[in-house]
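The chain contents come next:
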Amino acid sequence: NDESANTPESDRTPAVQTATGTLLLLLILLMAVLTALNIRRWCLLYRDHRLLTSSQTSRRQRFLCRQIAATMALLGLDCHPGWHNQETDDQLRQKLPGLRSGEYRRVAELLEQSAYSGAPLSAAEERTLLTFLHRIWQERRSLNFPTRFKLHFQLYPKAKQTEQ
(Lines give C-alpha, C1' and ligand atoms only; values in the text may rest on other atoms or scores of the structure.)
Protein backbone atom coordinates (compact mmCIF):
# COMPACT_ATOMS: atom_id res chain seq x y z
CA ASN A 1 0.00 0.00 0.00
CA ASP A 2 1.44 3.28 -1.10
CA GLU A 3 -0.03 5.86 1.27
CA SER A 4 1.74 8.80 -0.34
CA ALA A 5 -0.65 8.60 -3.31
CA ASN A 6 -3.62 9.38 -1.04
CA THR A 7 -2.31 12.60 0.49
CA PRO A 8 -4.52 15.69 0.27
CA GLU A 9 -2.10 17.38 -2.15
CA SER A 10 -2.54 14.69 -4.76
CA ASP A 11 -6.34 14.92 -4.59
CA ARG A 12 -6.37 18.57 -5.63
CA THR A 13 -6.88 19.29 -9.26
CA PRO A 14 -5.47 22.42 -10.89
CA ALA A 15 -9.00 23.93 -11.04
CA VAL A 16 -9.49 23.51 -7.29
CA GLN A 17 -6.07 24.99 -6.61
CA THR A 18 -6.81 27.95 -8.88
CA ALA A 19 -10.20 28.54 -7.24
CA THR A 20 -8.70 28.32 -3.76
CA GLY A 21 -5.90 30.71 -4.70
CA THR A 22 -8.35 33.17 -6.25
CA LEU A 23 -10.59 33.01 -3.19
CA LEU A 24 -7.66 33.64 -0.87
CA LEU A 25 -6.47 36.53 -3.03
CA LEU A 26 -9.95 38.11 -2.94
CA LEU A 27 -10.10 37.65 0.84
CA ILE A 28 -6.71 39.33 1.25
CA LEU A 29 -7.82 42.16 -1.04
CA LEU A 30 -11.04 42.61 0.96
CA MET A 31 -9.06 42.75 4.21
CA ALA A 32 -6.69 45.33 2.73
CA VAL A 33 -9.62 47.52 1.61
CA LEU A 34 -11.31 47.26 5.02
CA THR A 35 -8.03 48.07 6.75
CA ALA A 36 -7.56 51.14 4.54
CA LEU A 37 -11.15 52.25 5.24
CA ASN A 38 -10.62 51.84 8.98
CA ILE A 39 -7.40 53.85 8.89
CA ARG A 40 -9.22 56.57 6.95
CA ARG A 41 -12.09 56.46 9.47
CA TRP A 42 -9.71 56.84 12.43
CA CYS A 43 -8.02 59.81 10.75
CA LEU A 44 -11.42 61.43 10.13
CA LEU A 45 -12.53 60.76 13.71
CA TYR A 46 -9.33 62.38 14.96
CA ARG A 47 -9.98 65.40 12.72
CA ASP A 48 -13.60 65.56 13.89
CA HIS A 49 -12.51 65.45 17.52
CA ARG A 50 -10.01 68.25 16.97
CA LEU A 51 -12.65 70.40 15.25
CA LEU A 52 -15.25 69.76 17.94
CA THR A 53 -12.83 70.62 20.73
CA SER A 54 -11.55 73.67 18.91
CA SER A 55 -11.71 76.93 20.81
CA GLN A 56 -12.89 78.68 17.64
CA THR A 57 -16.67 78.68 17.72
CA SER A 58 -16.99 79.47 14.01
CA ARG A 59 -14.90 76.41 13.05
CA ARG A 60 -17.01 74.12 15.24
CA GLN A 61 -20.24 75.48 13.86
CA ARG A 62 -19.14 75.25 10.22
CA PHE A 63 -18.03 71.69 10.84
CA LEU A 64 -21.37 70.74 12.42
CA CYS A 65 -23.32 72.35 9.58
CA ARG A 66 -21.24 70.50 6.96
CA GLN A 67 -21.61 67.20 8.81
CA ILE A 68 -25.38 67.55 9.03
CA ALA A 69 -25.66 68.43 5.33
CA ALA A 70 -23.38 65.51 4.35
CA THR A 71 -25.26 63.06 6.56
CA MET A 72 -28.60 64.17 5.14
CA ALA A 73 -27.22 63.75 1.60
CA LEU A 74 -26.01 60.27 2.49
CA LEU A 75 -29.54 59.45 3.65
CA GLY A 76 -30.84 60.69 0.30
CA LEU A 77 -32.49 63.80 1.73
CA ASP A 78 -32.06 67.42 0.75
CA CYS A 79 -30.84 69.70 3.48
CA HIS A 80 -32.02 73.17 2.54
CA PRO A 81 -32.82 75.07 5.73
CA GLY A 82 -35.96 77.13 5.41
CA TRP A 83 -37.27 75.08 2.48
CA HIS A 84 -39.73 72.21 2.97
CA ASN A 85 -38.55 71.52 6.51
CA GLN A 86 -41.73 69.66 7.49
CA GLU A 87 -41.51 67.32 4.48
CA THR A 88 -37.82 66.66 5.12
CA ASP A 89 -38.58 66.01 8.79
CA ASP A 90 -41.27 63.47 7.79
CA GLN A 91 -38.96 61.76 5.28
CA LEU A 92 -36.17 61.59 7.86
CA ARG A 93 -38.50 60.01 10.44
CA GLN A 94 -39.55 57.41 7.84
CA LYS A 95 -35.90 56.43 7.42
CA LEU A 96 -35.08 56.76 11.14
CA PRO A 97 -38.27 56.06 13.11
CA GLY A 98 -36.56 56.69 16.47
CA LEU A 99 -36.22 60.42 15.81
CA ARG A 100 -38.81 62.70 17.34
CA SER A 101 -41.19 64.79 15.29
CA GLY A 102 -39.82 68.29 14.76
CA GLU A 103 -36.23 67.36 15.59
CA TYR A 104 -34.99 68.16 12.08
CA ARG A 105 -37.10 71.33 11.90
CA ARG A 106 -35.33 72.70 14.99
CA VAL A 107 -31.94 71.82 13.50
CA ALA A 108 -32.92 73.43 10.19
CA GLU A 109 -33.86 76.64 12.02
CA LEU A 110 -30.44 76.68 13.68
CA LEU A 111 -28.68 75.98 10.38
CA GLU A 112 -30.62 78.81 8.77
CA GLN A 113 -29.81 81.14 11.66
CA SER A 114 -26.13 80.24 11.46
CA ALA A 115 -25.98 80.69 7.68
CA TYR A 116 -27.92 83.91 7.30
CA SER A 117 -27.39 85.87 10.49
CA GLY A 118 -23.64 85.40 10.70
CA ALA A 119 -23.95 85.48 14.48
CA PRO A 120 -22.45 82.55 16.37
CA LEU A 121 -24.84 80.02 17.86
CA SER A 122 -25.09 79.70 21.62
CA ALA A 123 -23.56 76.70 23.38
CA ALA A 124 -27.03 75.17 23.82
CA GLU A 125 -27.77 75.57 20.10
CA GLU A 126 -24.43 73.98 19.21
CA ARG A 127 -25.26 71.05 21.50
CA THR A 128 -28.60 70.70 19.68
CA LEU A 129 -26.77 70.28 16.36
CA LEU A 130 -24.32 67.80 17.88
CA THR A 131 -27.12 65.86 19.57
CA PHE A 132 -28.94 65.61 16.24
CA LEU A 133 -25.88 64.00 14.64
CA HIS A 134 -25.58 61.61 17.60
CA ARG A 135 -29.26 60.68 17.31
CA ILE A 136 -28.85 59.83 13.63
CA TRP A 137 -25.84 57.67 14.54
CA GLN A 138 -27.83 55.91 17.28
CA GLU A 139 -30.79 55.23 14.99
CA ARG A 140 -28.68 53.90 12.10
CA ARG A 141 -29.82 50.30 12.71
CA SER A 142 -33.02 50.97 10.79
CA LEU A 143 -31.01 51.86 7.66
CA ASN A 144 -30.06 49.38 4.95
CA PHE A 145 -26.56 47.87 4.98
CA PRO A 146 -24.99 50.02 2.22
CA THR A 147 -26.14 53.24 3.93
CA ARG A 148 -24.92 52.05 7.34
CA PHE A 149 -21.58 51.09 5.75
CA LYS A 150 -21.20 54.55 4.20
CA LEU A 151 -22.20 56.24 7.45
CA HIS A 152 -19.75 54.13 9.47
CA PHE A 153 -16.83 54.87 7.20
CA GLN A 154 -17.95 58.47 6.54
CA LEU A 155 -18.22 57.89 2.79
CA TYR A 156 -20.30 60.97 2.12
CA PRO A 157 -21.35 61.87 -1.41
CA LYS A 158 -19.50 64.69 -3.10
CA ALA A 159 -21.18 68.06 -2.83
CA LYS A 160 -22.94 69.04 -6.02
CA GLN A 161 -21.35 71.96 -7.81
CA THR A 162 -23.76 74.58 -9.06
CA GLU A 163 -23.05 76.00 -12.48
CA GLN A 164 -22.63 79.74 -12.67
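Quick summary incoming for the structure in this document. This structure is a prediction, so every number in the text was calculated from the model and none was measured. (Residues numbered from 1 in each chain as written. Predicted model: local features only at pLDDT ≥ 70, side-chain atom pairs only at ≥ 80, totals over all residues. Heavy atoms only, no water.)

It is worth spelling out the overall build of the chain at this point. Scanning the chain for helices and strands turns up 7 helices and 0 strands. For the chain, the residues scored as buried account for 29% of the 164 residues in total. Of the roughly 11,500 Å² of accessible surface on the chain, a fraction of 56% belongs to carbon and sulfur atoms. (Helix = DSSP H or I, 4+ residues; strand = E, 2+ residues; numbered from the N terminus. Buried < 20%, exposed > 50% of the residue type's maximum accessible area, 1.4 Å probe, protein only. Areas by Shrake-Rupley, 256 points an atom, 1.4 Å probe, with all protein chains shown as cover.)

Turning our eyes to something else, we now look at helix α5 (residues 103–117). A rise of 1.5 Å per residue sets the reference length of α5, with its 15 residues, at 21 Å; its end C-alpha atoms lie 21 Å apart and thus fit the reference within 8%. Regarding α5, the residues found buried are Glu103, Tyr104, Val107, Ala108, Leu110, Leu111 and Ser114. Each buried residue of α5 lies within a common arc of 165° when the element is viewed along its axis, so the set occupies one face. Summarising the contacts, the buried residues of α5 are in contact with α3 (57–74), α4 (85–95) and α6 (123–138). Once α5 finishes, Gly118 follows within two positions and takes phi at roughly 80°, a positive value. (Expected span 1.5 Å × (residues − 1). Arc of directions from axis to C-beta. Contact = heavy atoms within 4.5 Å.)

Quick look at the pattern of salt bridges now. A full pass over the atoms with the stated rule returns 8 salt bridges. Between Glu103 and Arg100 there is a salt bridge; the shortest N-O distance is 4.0 Å. Judged by its relative accessible area of 13%, Glu103 is buried. Arg100 sits in the exposed class, given a relative accessible area of 53%. Of the charged contacts in the structure, one is a salt bridge between Arg106 and Glu109, with a shortest N-O distance of 3.6 Å. (Salt bridge = Lys/Arg side-chain N within 4 Å of Asp/Glu carboxyl O.)

In summary, soluble globular proteins display a tendency toward joint burial of nonpolar side chains. Counting 23 residues, the largest nonpolar core has Ile68, Met72, Leu92, Leu129 and Phe132 as the members making the most contacts within it. For this core, the secondary structure elements donating two or more residues are α3, α5 and α6. Those residues in contact with Ile68 that sit more than four places away from it in its chain are Cys79, Val107, Leu111, Leu129, Phe132 and Leu133. (Core = buried A, V, L, I, M, F, W, Y, C linked by side-chain atoms within 4.5 Å.)

Here we come to the environment of Ser114. Of note, Ser114 is situated in helix α5. Among the residues examined, Ser114 registers a relative accessible area of 17% and is labelled buried. For the pair Ser114 and Glu125, spaced 11 residues apart in sequence, the C-alpha separation works out to 10.0 Å. Discounting residues that sit within four places of it in the chain, Ser114 has contacts with Gln61, Cys65 and Leu121.

Turning next to unusual backbone geometry. Of note, His84 is a non-glycine position whose phi angle comes to about 55°, a positive value. Structurally, the position occupied by His84 is in the loop between α3 and α4. Relative accessible area serves as the criterion here: at 43%, His84 is assigned to the partly exposed category. The phi dihedral of Gln154 falls on the positive side, at around 55°, and the residue is not glycine. Mapped onto the elements of the fold, Gln154 is located in the segment after α7 (145–152). Exposure remark for Gln154: the relative accessible area of 9% places this residue in the buried category.

One pass over the structure, following the stated rule, counts 3 aromatic pairs. Between Tyr104 and Phe132, the ring centres sit 6.2 Å apart and the planes meet at 50°, which makes this aromatic pair tilted. Of the two residues, Tyr104 is situated in helix α5 and Phe132 in helix α6; the sequence distance between them amounts to 28 residues. Given the relative accessible area of 1%, Phe132 is considered buried. With a centroid separation of 6.0 Å and an interplanar angle of 45°, the aromatic rings of Phe145 and Phe149 are classed as tilted. One end of the pair, Phe145, and the other, Phe149, are both in helix α7, 4 residues apart, so they sit about a helical turn from each other. Its relative accessible area of 56% is what places Phe145 among the exposed residues. By the ring-pair criterion, three or more aromatic residues cluster together here, those being Phe145, Phe149 and Phe153. The ring of Trp137 is capped by Arg140, whose NZ or CZ atom sits 4.0 Å from the centre of that ring. (Phe/Tyr/Trp six-rings, centres within 6.5 Å; stacked < 30°, edge-to-face > 60°. Lys NZ or Arg CZ within 6 Å of the ring centre and 35° of its normal.)

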